[in-house]
2 protein chains.
Amino acid sequence: MIGRSITMSETQEAVGERLLMIPGPVPVAESIREALAQPTLGHRDPQFVAHFRSALHKLLRLVDGADALPVIVAGSGTLAMEMALLNTLPAQAPILIATQGVFGDRMRQIADTLGLETDEVRAEMGQAVTPEQLQVALQQRRYNAVTLTHVDTSTGTMVDLRALAGVIKAQQPEALILVDGVCATGGVPEYMDAWDIDLILAGSQKALGLPPGLALLIVGPRAQAARRALARVPSYYGDWERWRPIMENPDGYFATPATNLVVALDRALAMIFEEGPEARFARHEAMARGLRRGLAELGFESFAATEHQAPTLSVLRYPSGVDAGQLLRDMYNQGIVIADGIGKLAGQVCRIGHMGNIGAREILQVVDTAERVLGGGRANGSAMRAARAALQETGLSET
Amino acid sequence: MIGRSITMSETQEAVGERLLMIPGPVPVAESIREALAQPTLGHRDPQFVAHFRSALHKLLRLVDGADALPVIVAGSGTLAMEMALLNTLPAQAPILIATQGVFGDRMRQIADTLGLETDEVRAEMGQAVTPEQLQVALQQRRYNAVTLTHVDTSTGTMVDLRALAGVIKAQQPEALILVDGVCATGGVPEYMDAWDIDLILAGSQKALGLPPGLALLIVGPRAQAARRALARVPSYYGDWERWRPIMENPDGYFATPATNLVVALDRALAMIFEEGPEARFARHEAMARGLRRGLAELGFESFAATEHQAPTLSVLRYPSGVDAGQLLRDMYNQGIVIADGIGKLAGQVCRIGHMGNIGAREILQVVDTAERVLGGGRANGSAMRAARAALQETGLSET
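From a predicted model like this one, the values you see are computed outputs, not experimental measurements. (Residues numbered from 1 in each chain as written. Chains lettered and ligands numbered in written order. Predicted model: local features only at pLDDT ≥ 70, side-chain atom pairs only at ≥ 80, totals over all residues. Heavy atoms only, no water.)

Caption draft 1: Representation of the packing of helix α10 (residues 259–275) of chain B against helix α11 (residues 277–296) of chain B in the model. Residues and elements named next belong to chain B. Where α10 meets α11, the axes come as close as 5 Å, and the angle between the chain directions of the two elements is 90°. Here α11 runs roughly perpendicular to α10, going by the angle between their axes. Mapping the contact onto sequence places I272, F273 and E275 in α10 and P277, A279, R280 and R283 in α11. Its residues assigned to classes, the contact of α10 with α11 shows four nonpolar, no polar and three charged. (Axes fitted to C-alpha atoms, helices over the stretch in contact; angles between N-to-C directions. Helix = DSSP H or I, 4+ residues; strand = E, 2+ residues; numbered from the N terminus. Parallel < 35°, antiparallel > 145°, perpendicular 65-115°, else oblique. Contact = heavy atoms within 4.5 Å. Nonpolar A, V, L, I, M, F, W, Y, C, P; charged D, E, K, R; others polar.)

This is the structure we're talking about:
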């Protein structure tokens, strides 16, 4: 069995009346919510400092960045994206943005806002940027940095991060490799040092299993050096050099950290290591397979190309003839919250998150509810049987 | 009796082993922590949208800003300070910064970072900027904006906000009036429209009684217009124009809001209106008086000049002969967390917060503990008697 049953059962209890299966925020396990609700500690209290220190340390361990600087500030993934660019690149620096959806496009908007010179390499909708595409793009011009979206939450696609980083390293070894891990970190493997990644950024409300409210960055040595090479950055709160003393030794003050969320983060990261990162990644793969096999029986087809599907969420075309709005409402009324497509994909696809601390039980709940909602009295349980069979193949049991 | 007993007793329970009496973070009432720990809602869930809408509305009501735009984002007070400047002022714009401590100085650092032309008018340590000082400063040059720190957390001083705003309005009616309310909003009166204030910014972990993690701004019509007059601002996450559609109608998406903290904020603001803002402000005055009268018996003297003392915290010189570090440790070991001075005042003063949802019981706990710690066997209860008498004069009963 992959995934400890305590993890799943406590989540089950945590979600109360509705199961939140959108691609973030995700259901938060009860023990994490309990940590969140502990009496607020002072930011210099030894107990809090110990939690903060431990969370910073675990974050590094999670991505194997031996000499990286972890940065945890109140904010969102979008702030982390902005911090990644503004701390490493001078104005007008040329950067290449690899995009396969809304969040790669957002990276470009942020880069434009910061006055960077942006080129992009773009995957077709439902595809991921390939090593070959990237290779061609890198032949055109020298870049200070390349940004990669590991998983794009709008299309459900995942790039082959290791391969892309390898291409960049081979062709432009000086270029920084900046990775948006918002819908990936904690749910799929990311190895900074082994894969030559210079920076990974994330939000708290995705595969880490926390509520939203934290921006997280893990900053490798070359990205740290890039910041030091900048005379100034045009932001105060977003300047990680101002935060550095706190991140190196949390017994200090720059701006008040989000104490309760940091305590909860320490718990969430502890759960990752209790389960084991590899087991956790396998659980995410298994959940994805179970969900997709079950919903395929009902006519849902993956929007993401098969070879690029992310394990953390599924972006699925609605079965033909199904009224998207009605389906989402019916699911909601039956206790399952899933999301519509965003941007151009609104009304075309649904997006179902399956990341963090959920397990087979939640996957089967989604499939069962979809089957009943779509099939009515004619539902014959074939979707549930398919999902169960797929989960059993992967070793992810129901309880 | 000022302040409902339920508020205080639930806080009492909430703080567990130690009572957090630093000037932020503050003890968080149990009902607010319960709201914080509710199962995480999707950011488009009607339940969440209702909480967000309600919190935004209540925030406006709190400061009487009829046509203001409330902005609530994951962050800290420092981010709110930065957003106040970057959204209203073009690069190189001249601004006047009124400072009476570390947080006015921080505003200047932020302004420098953003490339503004900063002049300052500075109060002596322990004093607050006066209308006369401001009047002189405003005669030197025309400014796009003047920033005021309502309460400076480093010195415990409060400006006469209404009078200062009146001076600015009379002398430079075009200048924006930007107020740092971080240690004030929710604990002392601030009336935007009546006092001609263009913007108030705050953090969540002070007089509002929440854990840290939210940056709050209330943006009046002239400050909104100033943003619209800017071609661009050099930030993406911090650009309130990008957030505006969400703040006008939270049923949308820009970046994921800190859902659990927003639900808790809605609860915290509801508590303010259940108590009544005027009663709440009076309670803060009463707590300040009780604490100071009690500690005066032990030899603590106010660092802030009497006429400028803020009701939300007390910055007090240690009694002569007292080892500051030892006192703080002894208090901590006895269950009371208070803070040392910051910056130049480290080791010279202690800082005691008394804001949010605490009451007479917590004030007396601090006084009692200080009396026992300092007096040992010779403590005769005179500090407690003085504090009790002061609280009774104000009508703030013990339970």
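Caption draft 2: Focus on the relation of the copies chain B and chain A. Under the fitted operation, chain B is carried onto chain A by 0.0 Å of movement along the axis and a turn of 180°, and the coordinates agree to an RMSD of 0.0 Å. Taken together, the rotation angle and the small translation identify this as a two-fold axis. A share of 98% of interface residues in chain B that are also interface residues in chain A marks the association as one of identical surfaces. (Least-squares fit on C-alpha atoms with pLDDT ≥ 70 in both.)

Caption draft 3: Looking closely at the packing of aromatic side chains. Residue and element names in this part refer to chain A. The final tally for this structure, using the stated rule, is 10 aromatic pairs over all chains. Their ring planes at 50° and their centres at 5.5 Å tell us that F48 and F52 sit as a pair that is tilted. Of the two residues, F48 and F52 both sit in helix α3 (residues 46–63), four residues apart, roughly one turn of that helix. F48 gets classed as buried once you look at its relative accessible area, which sits at 0%. Measuring from ring centre to ring centre gives 4.8 Å for W243 and F254, while their planes differ by 85°; the resulting arrangement is edge-to-face. Linking W243 in helix α9 (residues 240–248) with F254 in the loop between α9 and α10 (259–275), this pair joins segments that are 11 residues apart in sequence. Both residues of the pair, W243 and F254, belong to the buried class. Here the aromatic residues Y236, Y237, W243 and F254 are joined through ring pairs into a cluster of three or more. The ring of Y332 has R18 lying over it, and the distance from NZ or CZ to the ring centre is 3.8 Å. (Phe/Tyr/Trp six-rings, centres within 6.5 Å; stacked < 30°, edge-to-face > 60°. Buried < 20%, exposed > 50% of the residue type's maximum accessible area, 1.4 Å probe, protein only. Lys NZ or Arg CZ within 6 Å of the ring centre and 35° of its normal.)

Caption draft 4: How the structure looks around the sheet that holds strand β11 (residues 301–302) of chain B. Residues and elements named next belong to chain B. Pairing is antiparallel across the open sheet formed by four strands, whose spatial order is β11-β12-β15-β14. Each end of this open sheet is capped by a strand with a single partner; those strands are β11 and β14 (339–340). Bridging between β14 and strand β15 (residues 349–353) involves two bridges; their strand directions are antiparallel. In the sheet register, A339 faces β15, and the bridge partner there is R351. (Pairing = 2+ DSSP bridges.)

Caption draft 5: Local environment of unusual backbone geometry. All names here are of chain A. Each neighbour pair has its own omega, and for G24 with P25 the value is -5°, a cis peptide bond. On the secondary structure map, P25 appears in the loop between β1 (19–20) and α2 (30–36). Look at Q92: it is not a glycine, yet its phi comes out positive at around 70°. In this structure, Q92 sits in the loop between α4 (77–86) and β3 (94–99).

Caption draft 6: Quick look at the interface of chain B and chain A. Facing the 58 residues of chain B at the interface are 57 residues of chain A. Where chain B abuts chain A, roughly 4,000 Å² becomes buried across the two surfaces, and 58% of that area is made up of carbon and sulfur atoms. Run the count over chain B and chain A and you get zero salt bridges. Counting every contact that joins chain B to chain A gives 22 residue pairs in polar contact (both at pLDDT 80 or more). Among the secondary structure elements, those contributing two or more residues to the side of chain B that touches chain A are α2 (30–36), α3 (46–63), α4 (77–86), α5 (102–113) and α10 of chain B. Along the lines of polarity and charge, the residues of the side of chain B that touches chain A split into 31 nonpolar, 20 polar and seven charged. (Buried area = accessible area lost by both parts, 1.4 Å probe. Salt bridge = Lys/Arg side-chain N within 4 Å of Asp/Glu carboxyl O. Polar contact = N/O pair within 3.5 Å; in protein donor to acceptor, adjacent residues only side chain to side chain.)

Caption draft 7: Expanded view of the domain arrangement of chain A. Residues and elements named next belong to chain A. Here the domain parsing of chain A yields domain 1 (5–29 + 276–394) and domain 2 (38–273). Relative to domain 2, the C-alpha centre of domain 1 lies at a distance of 27 Å. In this assembly, 32 residues from domain 1 lie in contact with 30 residues from domain 2. Where domain 1 abuts domain 2, roughly 2,500 Å² becomes buried across the two surfaces, and 64% of that area is made up of carbon and sulfur atoms. Sorting the residues of domain 1 by area buried against domain 2 places R280, F281 and H308 first, and these three jointly supply 23% of that buried surface. Inspection of the region where domain 1 meets domain 2 yields zero salt bridges. Scanning the region where domain 1 abuts domain 2 turns up 11 residue pairs in polar contact (both at pLDDT 80 or more). Take the side of domain 1 that touches domain 2: its biggest share by element is five residues, from helix α11 (residues 277–296). (Domains from an automatic or database assignment.)

Caption draft 8: Structural context of the pairing of strand β3 (residues 94–99) of chain B. All names here are of chain B. With six of six residues buried, β3 is to be regarded as a mostly interior element. The two faces of β3 match: P94, L96 and A98 on one face and I95, I97 and T99 on the other face are all buried. After leaving β3, the chain enters α5 and then returns to the sheet as strand β4 (residues 117–122), a path that is right-handed. Bridging between β3 and strand β5 (residues 145–149) involves four bridges; their strand directions are parallel. Directly across from L96, in β5, lies its bridge partner V146. (Right-handed = clockwise from strand over helix to strand, strands pointing away.)

Caption draft 9: Summary view of the pattern of salt bridges. Following the criterion strictly, the structure yields 34 salt bridges over all chains and no others. The salt bridge involving A:R244 is made with A:E241; its shortest N-O contact spans 2.9 Å. Note that A:R244 and A:E241 are positioned in helix α9 at a spacing of three residues, about one turn of the helix. For the salt bridge of B:R242 with B:D239, the shortest nitrogen-to-oxygen distance reads 3.9 Å. According to the relative accessible area criterion, B:D239 is buried, its value standing at 5%. Connected through shared salt-bridge partners, A:D105, A:R108, A:E120 and A:R122 make up one network.

Caption draft 10: Highlighting the sheet that holds strand β8 (residues 176–180) of chain B. Residues and elements named next belong to chain B. As summarised here, the arrangement of the seven strands in space is β2-β10-β9-β8-β5-β3-β4, forming an open sheet in which the pairing is mixed. Of all the strands in the sheet, the pair left with one neighbour each is β2 (69–74) and β4. On average, each strand axis in the sheet is tilted by 20° relative to the strand beside it, whichever way the strands run. Against the sheet, α4 engages β2, β3, β5, β8, β9 (199–203) and β10 (214–219), with an angle of about 160° to β9.

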